[in-house]
Amino acid sequence: MPAAVAAQSVRVAHIDPFSGAFANVGALNGMHVEYGAALVNQSGGVLGGRQLEVIRFDNNANPQDAVVVLQEAIDQGIRIITQATNSGIALAVQEAIVRHNRRNPDDPVLYLNYGSADPSLTRDHCDYYSFRFEVHSGMKQLAIVDAIAANPEIDSVYIIGQDYSHGHEVSRYTRAYLAERRPDIEVVGDEFHPVGRVRDFTPYIARIQASGADAVITGNFGTDLSLLIRAANEGGLTSTIYTQYASTFGAPTAIGPDGIGRVIDTAHWTPDVWLTHNTEAGRQLVEDFERTYNAEIGSYQILVQMQMLGAAINAAGSDNPTQIAAALSGATFDAVTGPVMMRESDHQLLHPLFVSVFTDEGITNDSEGTGIGWRTLREIPASELSDDSTCQVSVPG
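Worth saying up front: this structure is predicted, and the values here are computed from it rather than measured.

## Focus on the overall build of the chain
- The helix and strand tally for the chain stands at 14 helices and 15 strands.
- Radius of gyration (C-alpha) of the chain: 21 Å, near the 21 Å computed for a compact globule of 397 residues.
- C-alpha atoms of the chain, sized along the principal axes, occupy 70 × 40 × 40 Å.
- Out of the 397 residues in the chain, the part that is buried amounts to 59%.
- Residue pairs at least 24 apart in sequence account for 73% of intrachain contacts in the chain once pairs closer than 6 positions are excluded.
- As displayed, the chain has an accessible area near 14,900 Å², and 48% of this comes from carbon and sulfur atoms.
- In the chain, 24 positive and 48 negative side-chain charges are present, and the distance between their average locations comes to 4 Å.

## Some thoughts on the packing of aromatic side chains
- The final tally for this structure, using the stated rule, is 10 aromatic pairs.
- With a centroid separation of 5.1 Å and 85° between ring planes, the pair formed by Tyr128 and Tyr129 is classed as edge-to-face. Note on accessibility: Tyr128 and Tyr129 belong to one class, buried.
- Linked through ring pairs, Phe22, Phe221 and Tyr245 together constitute an aromatic cluster.
- Lying across the ring of Tyr173, Arg172 places its NZ or CZ 4.5 Å from the centre.
- The lysine or arginine in question, Arg207, covers the ring of Tyr204, its NZ or CZ lying 4.8 Å from the ring centre.

## What to know about the layout of surface pockets
- Here the largest pocket defines a volume of roughly 340 Å³.
- In terms of lining, the largest pocket is formed by 16 residues, of which the most central are Val98, Asn101, Arg102, Asp127 and Tyr128.
- Within the lining of the largest pocket, the residues separate by chemical class into 8 nonpolar, 5 polar and 3 charged.

## A few points about the pairing of strand β4 (residues 110-113)
- Residues Leu110 and Leu112 line one face of β4 and the alternating positions Tyr111 and Asn113 line the opposite face, and both faces are buried.
- Taken together, the 4 bridges between strand β3 (residues 80-83) and β4 define a ladder with parallel strand orientation. For Ile81, the partnering residue across the bridge sits in β4 and is Tyr111.
- Judged from the 3 bridges that link them, β4 and strand β5 (residues 130-132) form a sheet pairing that is parallel. Across the sheet, the residue bridging to Leu112 is Phe131, located in β5.

## Thoughts on the sheet that holds strand β9 (residues 240-243)
- With mixed pairing, 7 strands are arranged side by side in an open sheet as β7-β6-β8-β9-β10-β14-β15. What marks the edges here is a single partner per strand, and that holds for β7 (186-193) and β15 (373-380). For this sheet, the mean angle separating the axes of adjacent strands, direction not counted, is 20°.
- With 4 bridges connecting them, strand β6 (residues 156-162) and strand β8 (residues 215-218) associate as parallel partners. The residue of β8 that forms the bridge with Ile159 is Ile217.

## Some words on the nonpolar core
- Core analysis: the largest hydrophobic core is formed by 48 residues, its most contacted members being Leu52, Ile80, Tyr300, Met308, Leu309 and Ile313.
- Examining the composition of this core, we find that 9 residues originate from one element, helix α13 (residues 300-316), more than from any other.
- Residues within four places of Met308 in sequence aside, it is in contact with Phe133, Leu328, Ala331, Thr332, Phe333, Val340, Met342 and Leu349.
- By size, the runner-up hydrophobic cluster in this structure holds 24 residues, among which are Val135, Leu178, Ala215 and Tyr242.

## With respect to the state of the cysteines
- Summed over the entire model, instances satisfying the criterion amount to 1 disulfide.
- The partner cysteine of Cys126 in its disulfide is Cys391, sulfur to sulfur 2.0 Å. A torsion of -85° about the S-S bond marks the disulfide between Cys126 and Cys391 as left-handed. Of the two residues, Cys126 sits in the loop between α5 (120-123) and β5 while Cys391 sits in the segment after β15, which places them 265 residues apart along the sequence. Each member of the pair, Cys126 as well as Cys391, carries the same accessibility label: buried.

## Looking at the confidence of the model for the chain
- On average, the chain scores 92 in pLDDT, and the residues at 70 or more come to 97%.
- Every residue in residues 1-6 scores below 50 in pLDDT, and together they form 6 contacts with partners more than four places removed in sequence or on other chains.

## Describing the pattern of salt bridges
- Counted by the stated rule, this structure contains 17 salt bridges.
- Of the charged contacts, one joins Arg50 and Asp319 as a salt bridge, the two residues approaching to 3.1 Å between their closest N and O atoms. Here Asp319 lies in the loop between α13 and α14 (321-328) and Arg50 lies in the loop between α2 (23-42) and β2 (52-58), a separation of 269 residues in the sequence.
- Given a relative accessible area of 7%, Arg50 falls into the buried group.
- Linking Arg175 and Asp190 is a salt bridge whose minimum nitrogen-to-oxygen distance equals 2.9 Å. Remark: Asp190 occurs in strand β7 and Arg175 occurs in helix α7 (residues 165-181); sequence separation between them is 15 residues.
- On the accessibility criterion, Arg175 (41% relative accessible area) is partly exposed.
- Overall, the relative accessible area of 27% leaves Asp190 in the partly exposed class.
- Here the salt bridges share partners, and the residues they tie into one network are Arg123, Asp124, Glu169 and Arg172.

Conventions adopted
Residues numbered from 1 in each chain as written. Predicted model: local features only at pLDDT ≥ 70, side-chain atom pairs only at ≥ 80, totals over all residues. Heavy atoms only, no water. Helix = DSSP H or I, 4+ residues; strand = E, 2+ residues; numbered from the N terminus. Rg over C-alpha atoms; globule rule 2.2 N^0.38 Å. Buried < 20%, exposed > 50% of the residue type's maximum accessible area, 1.4 Å probe, protein only. Contact = heavy atoms within 4.5 Å. Areas by Shrake-Rupley, 256 points an atom, 1.4 Å probe, with all protein chains shown as cover. Lys, Arg positive; Asp, Glu negative; His and termini not counted. Charge placed at Lys NZ, Arg CZ, Asp CG, Glu CD. Phe/Tyr/Trp six-rings, centres within 6.5 Å; stacked < 30°, edge-to-face > 60°. Lys NZ or Arg CZ within 6 Å of the ring centre and 35° of its normal. 1 Å grid on protein atoms, 1.4 Å probe; cavity = no way out; pocket = protein on both sides within 12 Å on 5 of 7 lines; lining within 4 Å. Points joined across faces, edges and corners; volume = space filled by probe spheres on them. Nonpolar A, V, L, I, M, F, W, Y, C, P; charged D, E, K, R; others polar. Pairing = 2+ DSSP bridges. Axes fitted to C-alpha atoms, helices over the stretch in contact; angles between N-to-C directions. Core = buried A, V, L, I, M, F, W, Y, C linked by side-chain atoms within 4.5 Å. Disulfide = S-S within 2.5 Å. pLDDT = per-residue confidence, 0-100. Salt bridge = Lys/Arg side-chain N within 4 Å of Asp/Glu carboxyl O.

This is the structure:
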């Protein structure tokens, strides 16, 4: 390969909020995207030594702005896009990419979604050029409801979530799964709040307390989750809280000692998850990320995404999005958490899930210097995950 070609990088546009209420989430995600690219580059890069290069675009946590910067990335010649953080934004980005690809079948764009969890992205809107690298909220809610159903002391639950597609899907799946597994459990509250605009959740906590709910279920993430849990602690709420994102950036600090033993999280990763498989590779990954960024791995699936992208480019022998998509579809990867597989039908990654409790007992890695961390209660292998997706991608041409 000519030296000039080998030196040319393969660019990846990372579109996320790097300002505003969710800037902290975007910044941490950015660390993971860059670190994942570095893992590929340190292993020889792609296509005989070319490097993955990550270029950031700020969407201001706004779907319209996300579409604008997507076009900026396309105008700059970038044909690989990664984005997550908000499912509403993900839907807008995915739809814009689908439109672009229909208009430009010979110049397509590849979309890698590392965390937007609305099931409809793969259940209703699956697309040949779109791939999701984290299981969706419906799969997580099944694990959460199974944990609730196994607890005979829970007779009532209160659902609270962000008022957009992901929050509504969490509510819908929770009700459906409870009806199947514990129809005796009463849903005593089900409400939504504006995304990223509530500064004080005290009134919400007061309503939860008044309901007498034994458990609280939320799909909140970022600041909305941290502030919700902080208000719960300050208000003396004693209900067990079941979440999807309590192990991510900022939440463990907000939970603090008041949350010991009463916050349950279902996720693909916590600081102690690698111990479940007792892998040296997992230990080294955790320690190197902390040395590099002075932060904890919170979104391991992003590292998996970037490594699978690198492997797909090499398998395709090309940086052409159509050929990369063909290599990614049905691909497998040996992650430190266990085997993962990109489902060929709808391009949904299947990976293990871990149900964990926030505790100061039986852990080796605390979270955010709190002295408290996550102990795995149950692992759900990727092979046992299921959902209601019947979507089938159409191969172009």
